[in-house]
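This is what each chain is made of:
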Amino acid sequence: MGPVETPPRRAEELAVIGKRLPKVDAWGKVIGETKYADDLILPRMAHARLLRARHPHARIKAIDTSRARALPGVLAVITGADFPPVKFGILPVSQDEEALSTEKVRYVGDAVAAVAAVDEETAERATELIEVEYEPLPPIMSIEEALAEGTVRIQEYGDGPNIHKLVSLEFGDVEEGFREADLIREDLFYFEGSNHLPMEQHAAVARWDPDGKLTLWSSTQTPHYVHRTLAKVLELPMSHVRVIATPVGGGFGGKSDPFSHELVVARLAQLTGRPVKCTLTREEVFYAHRGRHPVLMWVKTGVTRDGTIQAMHFRSILDGGAYGSYGVASTFYTGALQTVTYKVPRYKFEGCRVFTNKPPCGPKRGHGTPQPRYAIEVHLDKIAEALGLDPAEMRRRQVVEPFSKTANHLTITTCGLEECIDRVVEASGWREKHRRLPPGRGVGFAASSYITGAGLAIYWNEMPHTGVIVKIDRGGGVAAFCGSIDIGQGSDSVLASVVAEVLGILPEDIRVVTADTDLTPVDLGSYSSRVTLMMGNAAKEAAEKLRGLLLDAAAKKLEVSPAGLVARGRRVYLRDDPERGMSFAEAAQLAEAAYGTLAAAGSYRPPRRGGKFKGAGVGPTPAYSYTACVAEVAVDPETGEVRPLEIWIAHDGGRALNPLLVEGQVEGSVYMGLGEALMEEQIFRKGLHKIPSMLEYKSPTTLETPEIRTILVETNDPEGPFGAKEAGQVPLLPLIPAIANAVYDAVGVRVDEIPITPEKVLKGLDQKGKGQEPRVGPERFPRVSFPEPIRVESAFGQPADLSLKRE
Amino acid sequence: MRELLTPRVNGDDVQVLAPVHKTLLEVLREELGLTGTKHGCELGECGTCTVLLDGEPVLSCLLLPVECQGREILTVEGMAQAGRLHPLQQSFAELGAAQCGYCTPGILLAAKALLEHNPRPSREAIRVALAGNLCRCTGYTKILDAVELAAARQGR
Ligand code: FES
Ligand code: FES
């Protein structure tokens, strides 16, 4: 234990929250002790490999596994026929996946069979001996093809032959807004898809005990949803399934779906009577995917002369790949948050997700919002230029009001965006640089907002989204239990810090037990930036209950009122007379003697504040986070290469529970945004993945990542634990348009398509040289038969109704 | 076919009978149980599997153990001495340079080799030394800070 602080005079000062403390799990990570899923080695463990389709689209006519079965060392070979005929999927509305495909394969990489063997090589060799007879079907590889194809279908459900989802919503009368505008601008943008590229490949280990109980260890961000899926697909009671999420070696959304390898190892463990492990190769991680959706976008905005937005109409088409995944939510997210950054009094959104014969897309950091954010921030940059306004100042004037509602009925609580803008403008020297740097150098500005946890669970239910149990033993030891999983974002540390702050001890005094469905209360998972706020509130509630017992028991002993006591510095003492008190452990013993075993639970469910229309479920959150960013770049006119020189980023994530961790989230988001802005793309040639390896799939190294200047702007949000909001996703969003806008400032070329590769920059420069429009990007938006919009009155400008608290 | 391998691993003389075609990465993880060494591609593209061979960073996924006979291999498990963390381990933990921590072992070893050649490297020199090690979490900022802090502390 470290030194014990002397009790301070002012007890309301925070002792742990706001301090730059090491993560509680850092020590295991720096000595190589942390056990990730692939590090688990169980006695008699067998190894599994999946056989994956080499066709993008084909009917399975027959599968012959006899040669594979005959290979020495092979313990079991399974196909889809070895599972109950049950489909699954992360969203209840898209139950379209199978553990192993039975009738059709829908993308190169779709799993059709699996082998368990004594070692990985034997398993691999056996998969090559499995003979699958396919009847190839025409592959559908693009948005255009998916919209045009009427007879060949990838899935048998959806809003059209290959249309998964169509959405159309209008808040207020946008036409009226356009009539009041002095300038109306329309733009088209395209955002290519990308993979999360977590450093750890997905892995899972299953063990089946003789009493019929299954345990699965997996590198998953959503153990609770994996738990539900295993029970459903294997037709087991949930009470007989235990899912333990191992520390995740990078997720970024890519480990948020239940995956076929998780179901396969479970089945193989049952059949072989041995533990079975499957670790995906890097190539397979590109197939498992669930990465950024490629999105084609059209946006029309009407503004008055000073840049005030009167109305906005936004359309998106998402290339979803072969399965549903989170796609319905992704589709709504491409439209839902447009209104949360700047004031948009009237808003119309039309969205469409198509199926194609490619690995399924899903949630990647920012889920569905980086694409529209890019489009809108570049679009507004063009509008500012057309009006002769400073693009940062124009946006600053239109930042949403705190504690107000948006056109689409979202409730904003705190908003520190104005200050974020001021701080990056100041720090970067924006005013001296914008439109003033020498040719080849430029700065770009953009801002963004994001949710702090989705307001609704993935499946409809009345239960809490998270729960925490805290227990105190007689030695003063504290354990905190929660289903949350640390994916590197620091959720274990948040849990320990919140409990420590409330109980007046230090994070290092606390043992956290997380992400084990047998031992920990449910937490829905590490997605949608929900954990800090939701788990934090639950942890606070649980710890406060215990603190109440400790203070009561101590008060009796000290013969004072509990109201006069504080817990701090590993002691419980009188606020006005710090010398009078006792150690934390002593208070715990008194409390246990008085009240019995010391354990308490807390739970959290977000407030229900969305609108009352169909589709209102996506977008609401307890609180929105905000970021503003200035990027400075150098563009080489010879090679077209864009080199980011420096990034200034200011982030309002509420109160920073641990500034070190918040900065880490901001820096990591900036990095990931840079990769997407400039180089990362998951693309295909004739149904084949063009780049299923790290060599071909370029991502930024230390050499391509510039210095990142992070500024934390703290608001104190009433919804968050100690005022905290989100940090892990919003800072990615402005990066990409800031780079695009900086490229324009540097060389006068608009690249309206992500990534901004050297070829595109050169093409733009070439057009500029020839006196053509210096723009590279999509030329047309295909015809989509969007339905008549659901018309809802705009709630823009109404005050937030915070009385709708969590139930 | 198996062969007898006799490298020194983390200061210990090791004898291990392993299939000839297994890489050093596999032998370390699967035969010796040293799972601190990670992998992200097994094709030499990510740097996650970095270990030190006679003090120099090598990609263990590309190396056959026969090439290591009688040589000194250091993995992350061997960095702390008698329970005392290496200054890099200390600074990585203190500054939040390990988020998911998956790239951390490889980066720690690459940084250790750097500091041995160049005890007070410039930020640029650190960038160059770590250019072969991908990290998807940190944006490298805190990693560079942590290497600088460890260098400063060692120099004292
Ligand atoms: S595992 Fe990627 S370089 Fe060795
Ligand atoms: S800390 Fe996660 S990859 Fe580096």
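(A) Structural context of the confidence of the model for chain B. Mean pLDDT for chain B: 96, with 99% of residues reaching 70 or above. Across the interfaces of the predicted complex, the ipTM metric reaches 0.98, alongside a pTM of 0.97.

(B) Looking closely at the domain arrangement of chain B. Residue and element names in this part refer to chain B. Domain assignment breaks chain B into domain 1 (2-78) and domain 2 (87-155). Averaged C-alpha coordinates put domain 1 and domain 2 at centres separated by 21 Å. For the pair domain 1 and domain 2, the two sides together bury roughly 1200 Å², of which 62% comes from carbon and sulfur. Scanning the region where domain 1 abuts domain 2 turns up zero salt bridges. Joining domain 1 to domain 2, the criterion identifies five residue pairs in polar contact (both at pLDDT 80 or more). Within the residue set of the side of domain 1 that touches domain 2, elements represented by two or more residues are β5 (50-53) and β6 (56-59). For the side of domain 1 that touches domain 2, a count of residues per class yields six nonpolar, seven polar and three charged.

(C) Quick peek at the domain arrangement of chain A. Residue and element names in this part refer to chain A. When cut into domains, chain A gives domain 1 (46-137 + 199-250 + 255-288), domain 2 (295-456 + 611-792) and domain 3 (464-604). Taken over C-alpha atoms, the centre of domain 1 sits 36 Å from the centre of domain 2. Summed over the shared surface of domain 1 and domain 2, the number is zero salt bridges. Connecting domain 1 to domain 2 are nine residue pairs in polar contact (both at pLDDT 80 or more). The residue makeup of the side of domain 1 that touches domain 2, split by class, is 10 nonpolar, five polar and seven charged.

(D) Focus on the sheet that holds strand β8 (residues 183-191) of chain A. All names here are of chain A. Pairing within the open sheet is mixed, and its seven strands lie in the order β30-β8-β13-β14-β15-β7-β32. On the outer flanks of this sheet lie β30 (753-754) and β32 (790-792), each paired with one strand and no other. Examined bridge by bridge, strand β14 (residues 309-319) and strand β15 (residues 347-354) share eight bridges and lie parallel to one another. Residue pairing across strands places R315 opposite E350, the latter belonging to β15.

(E) Inspection of helix α5 (residues 141-155) of chain B at higher detail. An ideal rise of 1.5 Å per residue puts 21 Å on 15 residues; α5(B) measures up with 21 Å between its terminal C-alpha atoms. For α5(B), the complete set of buried residues consists of B:T141, B:K142, B:I143, B:L144, B:A146, B:V147, B:A150 and B:A151. Taken together, the buried residues of α5(B) touch α17 (659-678) and β28 (707-712) of chain A together with α2 (87-95), α3 (104-117) and α4 (123-129) of chain B.

(F) Just a negative patch on the surface, in detail. Residues A:D636, A:E638, A:E641 and A:E704 make up a contiguous surface patch of negative charge. Within the secondary structure layout, A:E638 lies in the loop between β24 (624-635) and β25 (642-652).

(G) Representation of the sheet that holds strand β22 (residues 577-583) of chain A in the model. All names here are of chain A. The three strands are arranged β20-β21-β22 in an open sheet whose pairing can be described as antiparallel. Edge positions in the sheet fall to β20 (565-568) and β22, since each of these pairs with one other strand and no more. If you compare each strand with its neighbour and ignore which way they point, the axes differ by 30° on average. As paired elements, β20 and strand β21 (residues 571-574) share four bridges and run antiparallel to each other. Note that in β21 the partner of R568 across the bridge is R571. In the packing of helix α16 (residues 584-595) onto the sheet, the strands contacted are β21 and β22, and the crossing angle to β22 comes to about 60°.

So, how was this worked out
- Residues numbered from 1 in each chain as written.
- Chains lettered and ligands numbered in written order.
- Predicted model: local features only at pLDDT ≥ 70, side-chain atom pairs only at ≥ 80, totals over all residues.
- Heavy atoms only, no water.
- pLDDT = per-residue confidence, 0-100.
- Domains from an automatic or database assignment.
- Buried area = accessible area lost by both parts, 1.4 Å probe.
- Salt bridge = Lys/Arg side-chain N within 4 Å of Asp/Glu carboxyl O.
- Polar contact = N/O pair within 3.5 Å; in protein donor to acceptor, adjacent residues only side chain to side chain.
- Helix = DSSP H or I, 4+ residues; strand = E, 2+ residues; numbered from the N terminus.
- Nonpolar A, V, L, I, M, F, W, Y, C, P; charged D, E, K, R; others polar.
- Pairing = 2+ DSSP bridges.
- Expected span 1.5 Å × (residues − 1).
- Buried < 20%, exposed > 50% of the residue type's maximum accessible area, 1.4 Å probe, protein only.
- Contact = heavy atoms within 4.5 Å.
- Patch = residues over 30% accessible without salt bridge, like charges linked within 9 Å, V, L, I, M, F, W, Y side chains within 5 Å.
- Areas by Shrake-Rupley, 256 points an atom, 1.4 Å probe, with all protein chains shown as cover.
- Lys, Arg positive; Asp, Glu negative; His and termini not counted.
- Charge placed at Lys NZ, Arg CZ, Asp CG, Glu CD.
- Axes fitted to C-alpha atoms, helices over the stretch in contact; angles between N-to-C directions.

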